[in-house]
Amino acid sequence: MRKKVVAGNWKMNTTPVEGVELAKAVVAGKGSVCSCVNFIVCPPFTHLSEVMKVTRGTGIAVGAQNCAAEAKGAYTGEVSAAMIASLGVEYVILGHSERRQYYGETSATLNKKMEQAFANNLAPIYCVGENLAEREAGKHFEVVKAQIEEVVFNLTAAQFEKLIIAYEPVWAIGTGKTATAEQAQEIHAYIREVLRSKFGAKADDTVILYGGSAKPSNAPELFSKPDVDGGLIGGAALVADDFLAIGKSFSK
Ligand code: PGA
């Protein structure tokens, strides 16, 4: 049985004070959700230390939204994986489409970030997904395959076991447009197939999350699909009740 994961990507939202309130509300409501659901919250860097104080010992894990490609040194404005991990943070989102699109992150950069994450015991949540033009041209399978081959295929088997994948069609992120549950299942199953071609049966244990306008109303159908193991939630993760309701939508 694969883990069920609901991760909140807060992006560049909330002040630290607001973020702590949000984390407290998630902690307070967690008891109403099946203990089978693993929640992860991913606040901005500035909030990590305070959010860790709120979540420590509650079963809610914390992730960062990015980390530097280098270990340390003269890289003004960067935050290293070691700095993040030293706070007790367990996860890091890597390769989010907004990072790829606005900050020019390539597979070469992401390979270095992966290396830093693993060297510091952070489990990456690696994002893949096609844009609208690619989807309309029927290229979504090959785009996602390349994003996996160029980065995930460089991992060792032991590293691969810790990896979470998030499939996030760019056309669905923050647009209110969600992939249908059938579209999500189709590509999640394909992603697992690609992973199986390299890592064999270990791919059956890989958590593959869906992201892109997931909300309480559509999560039950998405999560009912066999290869959809949870969600990476943006907008709806900023409202504790919605985030928790998404956790409650697991029917398997
Ligand atoms: P969204 O974002 O839920 O607001 O569409 C998801 C994401 O980008 O991780």
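Owing to the predicted nature of the structure, the values given are computational and were not obtained by experimental measurement. (Residues numbered from 1 in each chain as written. Predicted model: local features only at pLDDT ≥ 70, side-chain atom pairs only at ≥ 80, totals over all residues. Heavy atoms only, no water.)

### Observations concerning the overall build of the protein chain
Each helix and strand counted, the protein chain has 11 helices and 8 strands in total. Its C-alpha atoms give the protein chain a radius of gyration of 17 Å, near enough to 18 Å, the size a compact globule of 252 residues would have. Considered along the principal axes of its C-alpha atoms, the protein chain spans approximately 45 × 45 × 35 Å. Relative to its full complement of 252 residues, the protein chain shows a buried share of 52%. (Helix = DSSP H or I, 4+ residues; strand = E, 2+ residues; numbered from the N terminus. Rg over C-alpha atoms; globule rule 2.2 N^0.38 Å. Buried < 20%, exposed > 50% of the residue type's maximum accessible area, 1.4 Å probe, protein only.)

### Some details on the state of the cysteines
Summed over the entire model, instances satisfying the criterion amount to 1 disulfide. Between the sulfur atoms of Cys34 and its disulfide mate Cys36 the distance is 2.1 Å. Lacking any disulfide linkage, Cys42 is separated from the closest cysteine sulfur, that of Cys127, by 9.2 Å. Here Cys67 is not cross-linked by a disulfide; its sulfur's nearest cysteine counterpart is in Cys42, at 12 Å. Judged by relative accessible area, Cys67 falls into the buried class, the value being 1%. (Disulfide = S-S within 2.5 Å.)

### Digging into the site of the ligand
Around the ligand, a shell composed of 13 residues is seen, among which Lys11, His96, Glu168, Gly174 and Ser213 lie nearest. Interatomic distance of 2.7 Å between a side-chain N/O atom of His96 and an oxygen atom of the ligand. In this structure, Glu168 approaches the ligand through a side-chain N or O atom, which is 2.6 Å from an oxygen atom. For the ligand, whose free accessible area comes to 280 Å², the fraction covered by protein is 95%. (Near = heavy atom within 4 Å. Polar contact = N/O pair within 3.5 Å; in protein donor to acceptor, adjacent residues only side chain to side chain. Areas by Shrake-Rupley, 256 points an atom, 1.4 Å probe, with all protein chains shown as cover.)

### Quick look at the pairing of strand 5 (residues 123-128)
Of all 6 residues in strand 5, 6 are buried; the element is thus mostly enclosed. Covered by surrounding structure in strand 5 are Ala123, Ile125 and Cys127 together with Pro124, Tyr126 and Val128, the residues of both alternating faces. With 4 bridges joining them, strand 4 (residues 91-94) and strand 5 adopt parallel strand pairing. From the neighbouring strand, Ile93 faces strand 5, where its bridge partner is Ile125. (Pairing = 2+ DSSP bridges.)

### Section: the pattern of salt bridges
Side chains bearing opposite charge may pair, as long as their charged atoms lie close to each other. Inspection of every chain in the model, using the stated rule, returns 16 salt bridges. Here Glu130 makes a salt bridge to Arg135, at a shortest N to O gap of 2.9 Å. When sorted by exposure, Glu130 lands in the same class as Arg135, which is buried. Among the ionic pairs, Glu182 bridges to Lys225, the shortest N-O distance being 3.5 Å. Residue Glu182 is found in helix 9 (residues 181-199), and its partner Lys225 is found in the loop between helix 10 (219-223) and strand 8 (230-233); the two are separated by 43 residues along the sequence. By relative accessible area, Glu182 is classed as partly exposed at 47%. (Salt bridge = Lys/Arg side-chain N within 4 Å of Asp/Glu carboxyl O.)

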